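Remarks on the overall topology
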Amino acid sequence: PCAQAGGNYAPVLKYQARAKAEGYAITLHLDSKTRSYIDEFSTSNFIAIKKRDAESDKPTLVYPKSESILKSVTAKSLMDIARSLGWNVDHRPIAFQEVVDGGFEEVMACGTAAAITPIRSITYLKDDGEQAKVSIGDGQNAGPRTLERASSSRAPRPPPRRPRRPCPSSVC
């Protein structure tokens, strides 16, 4: 079983504070072993729509596969909706290089509290310490599929939460 504990996020608090002070709303977390694969955003899950070779190609929703992130009801719902619309769903490790190389038409943060939030750009530090920015889509507007998902009345709602039992402080 996986538990979400405060200790999972403590190491990144100073980076989140610095990012917020610089005007960034959220941070993107990479795997801790190699720092080359996407785990999640600081507030929510990472979801992307892969860039298509041709406009007629079916969209592909991409969701990171990682042992470091918790299963998400919201992300599962988005994957189920994508499948019901005939889209491809790709649940796999996602190299950050794929973002840098412009491999996604759209990127969104999704979570229970945040619902679906479009990501217009991702700023990062290159190996030489220079700052770089990757625009997603046109870099200004939410992509059309993000807007479809955000406004979809077909989106399943997560089940109501049961009252929580007290748990040991090491897990809460």
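Basis of the calculations
Residues numbered from 1 in each chain as written. Predicted model: local features only at pLDDT ≥ 70, side-chain atom pairs only at ≥ 80, totals over all residues. Heavy atoms only, no water. Helix = DSSP H or I, 4+ residues; strand = E, 2+ residues; numbered from the N terminus. Buried < 20%, exposed > 50% of the residue type's maximum accessible area, 1.4 Å probe, protein only. Pairing = 2+ DSSP bridges. Axes fitted to C-alpha atoms, helices over the stretch in contact; angles between N-to-C directions. Contact = heavy atoms within 4.5 Å. Polar contact = N/O pair within 3.5 Å; in protein donor to acceptor, adjacent residues only side chain to side chain. Core = buried A, V, L, I, M, F, W, Y, C linked by side-chain atoms within 4.5 Å. Salt bridge = Lys/Arg side-chain N within 4 Å of Asp/Glu carboxyl O.

1. Remarks on unusual backbone geometry
Most of the time, phi is negative for any residue but glycine, and the peptide bond is trans. Look at Arg35: it is not a glycine, yet its phi comes out positive at around 55°. Mapped onto the fold, Arg35 is located in the loop between strand 1 (28-30) and strand 2 (38-41). A residue is classified by how much of its surface remains accessible, and Arg35, at 68% relative accessible area, is exposed.

2. Here we look at the sheet that holds strand 3 (residues 45-50)
Strands sit in the order 5-4-3-6-7 across an open sheet of five strands; the sheet is mixed. The sheet terminates laterally at strand 5 (88-92) and strand 7 (115-119), the two strands that pair on one side only. Adjacent strand axes in the sheet meet at a mean angle of 25° when their direction is disregarded. Across two bridges, the pairing between strand 3 and strand 4 (residues 60-64) is antiparallel. In the sheet register, Ala48 faces strand 4, and the bridge partner there is Val62. Its contacts with the sheet place helix 2 (residues 73-84) against strand 3, strand 4, strand 5, strand 6 (104-111) and strand 7, and it is angled at close to 160° to strand 4.

3. With respect to the side chain of Thr60
Here Thr60 is to be found in strand 4. Looking at Thr60, the relative accessible area reads 14%, which means it is buried. Engagement of the side chain of Thr60 in a polar contact is seen with the side chain of Asn88, the distance being 3.4 Å. If near-sequence neighbours (up to four positions away) are discounted, Thr60 is found in contact with Ala48, Ile49, Lys50, Asn88 and Asp90.

4. Here's the deal with the nonpolar core
Counting residues in hydrophobic clusters, the biggest one holds 17 residues, and the most contacted among them are Phe46, Val99, Phe104 and Val107. At the level of secondary structure, the elements contributing two or more residues to this core comprise strand 2, strand 3, helix 3 (96-100), strand 6, strand 8 (121-125) and strand 9 (131-135). Setting aside its immediate chain neighbours within four residues, Phe104 contacts Phe46, Ala48, Ile49, Lys50, Lys51, Val62, Ile94, Glu98, Val99 and Ile136. Counting residues in each nonpolar core, the second largest holds 13 residues, with Ile69, Met79, Cys110 and Ile116 among its members.

5. Re the pairing of strand 3
Taken residue by residue, a regular strand's side chains alternate between the two faces of the sheet. Burial within strand 3 is extensive, with five of its six residues counted as buried. Sheet topology note: the strand 3/strand 6 ladder contains six bridges and is antiparallel. In the sheet register, Ile47 faces strand 6, and the bridge partner there is Met108.

6. Focus: the environment of Asp39
One can find Asp39 in strand 2. The contact partners of Asp39, leaving out residues within four places of it in the chain, are His29, Leu30, Asp31, Pro64, Ser66, Ser68 and Ile69. There is a polar contact of 2.7 Å between the side chain of Asp39 and the side chain of Ser66.

7. Focus on the pattern of salt bridges
Tallied over the full model, the rule gives seven salt bridges. Among the ionic pairs, Glu105 bridges to Arg52, the shortest N-O distance being 3.1 Å. With Glu105 in strand 6 and Arg52 in the loop between strand 3 and strand 4, this residue pair connects regions lying 53 residues apart in the sequence. Just as Glu105 is buried, Arg52 falls in that class too. Note that Asp80 and Lys76 form a salt bridge whose closest N and O atoms lie 2.9 Å from each other. In this pair, Asp80 and Lys76 are both assigned in helix 2, four residues apart and thus about one turn of the helix distant. Each member of the salt-bridge network shares a partner with another, and the members are Arg52, Glu55 and Glu105.

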